[in-house]
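# What the coordinates show
Read off the chains here:
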Protein chains: 2
Amino acid sequence: MKKVAEEIPAYSYGDVEVAASPVSLAELEQLKETAGFSPQDEAYLRMAGEVLADQTQEIVAHWRSGIIASIPHLARHSRTPEGEPIPEYLGRSNLRFQQWILDTCLRPYDQEWLNYQQEIALRHTSVKKNQADDVRSTAYVPFHDIVGFVAVMNDTIKPYLARKGHGVEDVEGMHGAWRKSLQMQIALWSRTYLDVAKKSNEW
Amino acid sequence: MKKVAEEIPAYSYGDVEVAASPVSLAELEQLKETAGFSPQDEAYLRMAGEVLADQTQEIVAHWRSGIIASIPHLARHSRTPEGEPIPEYLGRSNLRFQQWILDTCLRPYDQEWLNYQQEIALRHTSVKKNQADDVRSTAYVPFHDIVGFVAVMNDTIKPYLARKGHGVEDVEGMHGAWRKSLQMQIALWSRTYLDVAKKSNEW
Ligand code: HEM
Ligand code: HEM
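For clarity, every value in this text was computed on a predicted model and none was experimentally measured.

### What about the overall build of chain A?
- Within chain A, the secondary structure is distributed over 8 helices and 0 strands.
- Secondary structure elements in chain A, listed N-terminal to C-terminal, are α-α-α-α-α-α-α-α.
- Relative to a compact globule of 203 residues, whose C-alpha radius of gyration would be 17 Å, chain A shows 17 Å and is just as compact.
- Projected onto its principal axes, the C-alpha coordinates of chain A cover approximately 50 × 35 × 30 Å.
- Expressed as a percentage of contacts within chain A between residues at least 6 apart in sequence, the contacts between residues at least 24 apart total 83%.

In structure tokens:
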């Protein structure tokens, strides 16, 4: 698997300690059908992976420094409760965020991928946030902000997809596949937040 | 307000009996910021409303008869537990679905809109599904299927937006605004599903 760096702190994709997702592969197949995610979309994601591979740093910087940092109710999740920046936290999780772009495009959507979907979702909830990087920050990222921010990620990714000279049809194809994948990922993460909701409201 | 029909059964937008949303207007402003939803997007939604106004029947037929009807795990939500069709249920809720397209494009996103967001979400959960049309059907639409299906709605709406001869920039603008609005609506609905989740898992 292509990696954004040799060492990615706390990136544990495929590790045995990653808990099993409660979502089955059969349910994932249904979710693909619901979202209209086809083998052609898979092919377009592979293409997107090639296109984005050397742009992940720029993209994550765009999202996190360029956008999130200037929206106080989002920026706080990478800061201390007192509002101070935590550069190591940002640095380490940025790298995992970069790798997630590659994983989204290049990984087979199998049981390991399902398991890591849950792991990433948990790392946005009070169950696991802050632990991987041993920091003091907000207890969780509210689910609705994740859902809302997807619109921004979807919009801003397009120019990066177009940057390598592909024709309109390929760019549209890559963009459509990307959007479907993100919608499926949000659907999967919602499972985690709904499970957490039984104990704690992290809307 | 433009209506898709003079009589829309069980359409109660703005009625006093619609419960107040737990989401405040201040929270909605933050959600707009999260999703990058700007005054320009509002203007593009108004344009989309003009473009889509005489196509709502075709669009809802496309989604429901053209797509959902042939996906068993989705089609069942408009059928009896035994799998029989319920044409009145489809007919009545299709009309409300059509009106939702206009509401999405043309309504101000104010307290009444927030309240009706909650009402529509509840009508997909066990709290209110089947009641408006007094039918026997599935208890709820799982939340992840709603999130996933947004990808299909977003994809398939585009040709309808392009059908009235607008230039590429306007079509892209309308499409971007539409996607942001749907992402915000899903974020709002997630609140309802997370509240319901305290008692019953409707992922
Ligand atoms: C769909 C939208 C989002 C995606 C795809 C996403 C993706 C990711 C990924 C891949 C990681 C690294 C997870 C890990 O391996 O530990 C991460 C971590 C993180 N994300 Fe997000 N994120 C999203 C939305 C947000 C939003 C809206 C915020 C807040 C503004 C946010 C804040 C964080 C924080 C603080 C971490 C570090 C979590 C920890 O303490 O382990 N994310 N995100
Ligand atoms: C974002 C995606 C969706 C949107 C925007 C949406 C929108 C709507 C709207 C506006 C209504 C009418 C609500 C009312 O006024 O009573 C409705 C009702 C309904 N929708 Fe959806 N829907 C979505 C996804 C789905 C999916 C995936 C299914 C299942 C395949 C579904 C099944 C139904 C059913 C069965 C009703 C009737 C609910 C009742 O008994 O009152 N919807 N939907």
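### What about the nonpolar core?
- If you look at the biggest cluster of nonpolar residues, it comprises 117 residues, and the most contacted ones within it are Leu52 and Trp63 of chain A together with Leu52 and Trp63 of chain B.
- Sequence-distant contacts of Trp63 of chain A, that is, excluding residues within four places in its chain, are made with Ile68, Phe97, Trp100, Ile101, Phe149, Met153, Thr156, Ile157 and Trp178 of chain A.

### Structural notes on the packing of aromatic side chains
All names here are of chain A.
- Under the criterion given, the structure shown has 20 aromatic pairs over all chains.
- An aromatic cluster is built from Trp63, Phe97, Trp100 and Trp178, whose rings are joined through pairwise contacts.
- A cation over a ring is seen here: Arg107 above Tyr13, with NZ or CZ 3.6 Å from the ring centre.

### Quick look at the coordination of the iron atom of ligand 1
- Just one protein atom coordinates the iron atom of ligand 1, and that atom is His124 of chain A (NE2), at 2.2 Å.
- With respect to the secondary-structure elements, His124 of chain A resides in the loop between helix H6 (111-122) and helix H7 (143-162).

### Observations concerning the environment of Thr80 of chain A
All names here are of chain A.
- With respect to the helices and strands, the residue Thr80 is situated in the loop between helix H4 (72-75) and helix H5 (87-106).
- Assessed through its relative accessible area of 13%, Thr80 is described here as buried.
- With 55 residues separating them in the primary sequence, Thr80 and Val135 have C-alpha atoms 8.0 Å apart.
- Apart from residues no more than four positions distant in its own chain, Thr80 is found in contact with Ile86, Arg136 and Ser137.

### Observations regarding the site of ligand 2
All names here are of chain B.
- In the vicinity of ligand 2, 24 residues are found, and the nearest of them are Tyr89, Arg96, Arg123, His124 and Asn130.
- Measuring from an oxygen atom of ligand 2, one finds a side-chain N or O atom of Tyr89 at 2.4 Å.
- Of all the secondary-structure elements, those providing two or more residues to the shell around ligand 2 are helix H5 (87-106), helix H6 (111-122), helix H7 (143-162) and helix H8 (168-197).
- Residue composition of the shell around ligand 2, grouped by class: 14 nonpolar, 5 polar and 5 charged.

### Regarding the UniProt feature "domain: Globin-sensor" (unreviewed entry) in chain A
- Here, the residues flagged by UniProt with the feature "domain: Globin-sensor" (unreviewed entry) are residues 26-196 of chain A.
- Regarding residues 26-196 of chain A, the helix share stands at 71% and the strand share at 0%, and the terminal C-alpha atoms are separated by 23 Å.

### Some thoughts on the side chain of Arg179 of chain B
- Position of Arg179 of chain B among the secondary structure elements: in helix H8.
- Within the structure, the side chain of Arg179 of chain B is placed 2.9 Å from the side chain of His175 of chain B, a separation counted as a polar contact.
- Beyond its immediate chain neighbours, meaning those up to four positions away, Arg179 of chain B contacts Asp155, His175 and Arg179 of chain A together with Asn154 of chain B.

### Side note on the site of ligand 1
All names here are of chain A.
- In the vicinity of ligand 1 there are 24 residues, among which Tyr89, Arg96, Arg123, His124 and Asn130 approach most closely.
- Within the side chain of Arg64, one N or O atom sits 3.0 Å away from a nitrogen atom of ligand 1.
- Within the side chain of His124, an N or O atom sits 2.8 Å from a nitrogen atom of ligand 1.
- Those elements that provide at least two residues to the shell around ligand 1 are H5, H6, H7 and helix H8 (168-197).
- Broken down by class, the residue content of the shell around ligand 1 amounts to 14 nonpolar, 5 polar and 5 charged.

### Focus: the relation of the copies chain A and chain B
- Superposition of chain A onto chain B requires a rotation of 180 degrees combined with a translation of 0.0 Å along the rotation axis, giving an RMSD of 0.0 Å. Here the copies are linked by what is in effect a two-fold axis. Rotation axis and chain A: the residue whose C-alpha lies nearest the axis is Lys198 of chain A, separated from it by 2.2 Å.
- Most of the interface of chain A is mirrored in chain B, where 100% of its interface residues again form contacts.

### Description of the side chain of Thr192 of chain A
- The residue Thr192 of chain A is located in helix H8 in this model.
- Thr192 of chain A sits in the buried class, given a relative accessible area of 4%.

### Remarks on the interface of chain A and chain B
- Taken together, the contact between chain A and chain B spans 39 residues of the former and 39 residues of the latter.
- For the pair chain A and chain B, the summed buried surface comes to about 3,500 Å²; carbon and sulfur atoms form 61% of the total.
- Three residues stand out in chain A for area buried against chain B, namely Thr34, Leu194 and Trp203 of chain A, and they jointly supply 22% of the buried area on that side.
- We note a salt bridge from Asp155 of chain B to Lys180 of chain A, for which the minimum N-O separation is 3.5 Å.
- At the junction of chain A and chain B, the tally comes to 12 residue pairs in polar contact (both at pLDDT 80 or more).
- Among the secondary structure elements, those contributing two or more residues to the side of chain A that touches chain B are helix H1 (25-35), H4, H7 and H8 of chain A.
- Counting residues per element, the side of chain A that touches chain B draws most heavily on H8 of chain A, at 14 residues.

About the thresholds
Residues numbered from 1 in each chain as written. Chains lettered and ligands numbered in written order. Predicted model: local features only at pLDDT ≥ 70, side-chain atom pairs only at ≥ 80, totals over all residues. Heavy atoms only, no water. Helix = DSSP H or I, 4+ residues; strand = E, 2+ residues; numbered from the N terminus. Rg over C-alpha atoms; globule rule 2.2 N^0.38 Å. Contact = heavy atoms within 4.5 Å. Core = buried A, V, L, I, M, F, W, Y, C linked by side-chain atoms within 4.5 Å. Buried < 20%, exposed > 50% of the residue type's maximum accessible area, 1.4 Å probe, protein only. Phe/Tyr/Trp six-rings, centres within 6.5 Å; stacked < 30°, edge-to-face > 60°. Lys NZ or Arg CZ within 6 Å of the ring centre and 35° of its normal. Donors = N, O, S within 2.8 Å, 3.2 Å for Na, K, Ca; no water. Near = heavy atom within 4 Å. Polar contact = N/O pair within 3.5 Å; in protein donor to acceptor, adjacent residues only side chain to side chain. Nonpolar A, V, L, I, M, F, W, Y, C, P; charged D, E, K, R; others polar. UniProt positions renumbered as here; feature names shortened; annotations may be inferred. Least-squares fit on C-alpha atoms with pLDDT ≥ 70 in both. Buried area = accessible area lost by both parts, 1.4 Å probe. Salt bridge = Lys/Arg side-chain N within 4 Å of Asp/Glu carboxyl O.

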